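# Residue-level structure breakdown
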Amino acid sequence: MEFKPKSLRQRALDYLGKREYSYFELTQKLKPFAEESDESPASEQISAILDDFKKRGWLSDARFTEQLVHARQSKFGSARIANELREKGVADDLIASAVEEVKINELDFAREICRKKFKATPSSREDWAKQARFLQSRGFSFDVIKKVLNVTLRD
């Protein structure tokens with residue numbers, strides 16, 4: 001029995017079978033497995049495979065963006081999600097539409113996150129600052145943070 005290494009195409013299909021990937025992200029995952037040849041460099045081989053996948057509808061940055069937003073919006077703010085999408089190589093127009101989608105319910109998610117993490121409303125400036133830093137680290141804007149924490153102070 002002889003061991004045959006997986007082809008680049010099969011490896012890409014295996015990755016896509018597990019979850020959505022952006023074009024850039026899948027390119028990075030395949031680079032270590034691509035072999036340079038005299039006919040075409042590794043980057044051309046990967047591009048040819050991924051372009052074919054895009055034509056067939058198997059690889060879509062829009063679908064990847066939608067999936068990532070759906071998974072992250074209940075835990076993180078629009079700034080953090082936008083940054084993660086930028087790191088994954090998603091186009092700016094897709095990021096802008098994703099941020100708009102996240103901002104619709106961002107205040108509600110921020111309130112829920114704050115309520116789960118901190119059982120009590122901030123009773124001092126230090127508590128307010130601590131909760132604000134936490135929400136800021138989750139990628140929420142200062143406007144959202146002020147609305148969440150100032151409303152809880154009045155309740």
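In the block above lies the structure referred to throughout.
Attention here is on the structure that accompanies the text. (Residues numbered from 1 in each chain as written. Predicted model: local features only at pLDDT ≥ 70, side-chain atom pairs only at ≥ 80, totals over all residues. Heavy atoms only, no water.)

With 15 residues, the main nonpolar core has Leu 26, Leu 30, Leu 50, Phe 53 and Leu 59 as its most contacted residues. Broken down by secondary-structure element, the contributors of at least two residues to this core are helix 1 (8–18), helix 2 (23–30) and helix 3 (42–56). Among the elements that make up this core, the one with the highest residue count is helix 3 (five residues). In contact with Leu 26, not counting residues within four places along its chain, are Tyr 15, Leu 16, Tyr 21, Leu 50 and Leu 59. (Core = buried A, V, L, I, M, F, W, Y, C linked by side-chain atoms within 4.5 Å. Buried < 20%, exposed > 50% of the residue type's maximum accessible area, 1.4 Å probe, protein only. Helix = DSSP H or I, 4+ residues; strand = E, 2+ residues; numbered from the N terminus. Contact = heavy atoms within 4.5 Å.)

Moving on: helix 7 (residues 125–137). If you check helix 7, its first and last C-alpha atoms are 18 Å apart, about what 13 residues at 1.5 Å a residue would give, namely 18 Å. Restricting attention to buried positions, one finds in helix 7 the residues Gln 131, Ala 132, Phe 134 and Leu 135. Buried residues in helix 7, looked at end-on, bunch into an arc of 160°, giving them a common side. The exposed residues of helix 7 that point more than 90 degrees off its buried face are Arg 125, Glu 126, Arg 133 and Gln 136. Immediately downstream of helix 7, the backbone of Gly 139 shows phi near 95°, a positive value. (Expected span 1.5 Å × (residues − 1). Arc of directions from axis to C-beta.)

Before going further, it helps to examine the pattern of salt bridges. When their charged atoms lie close together, side chains carrying opposite charge are able to pair. Applying the stated criterion to the full structure yields eight salt bridges. Across the salt bridge formed by Glu 25 and Lys 88, the nearest N and O atoms sit 3.2 Å from each other. Taken as a pair, Glu 25 in helix 2 and Lys 88 in the loop between helix 5 (78–87) and helix 6 (92–117) lie far apart in primary sequence, 63 residues in all. Overall, Glu 25 belongs to the buried group, its relative accessible area being 10%. By relative accessible area, which is 22% here, Lys 88 ends up partly exposed. Residue Arg 72 pairs with Glu 84 through a salt bridge whose shortest N-O separation is 2.9 Å. Taken together, the positions of Arg 72 in helix 4 (residues 61–72) and Glu 84 in helix 5 put the pair twelve residues apart, joining distant regions of the chain. Under the relative-accessibility criterion, Arg 72 is labelled partly exposed at 27%. Each of Arg 9, Asp 52 and Arg 56 takes part in one network of salt bridges that share partners. (Salt bridge = Lys/Arg side-chain N within 4 Å of Asp/Glu carboxyl O.)

Nothing here speaks to function; it is geometry throughout.
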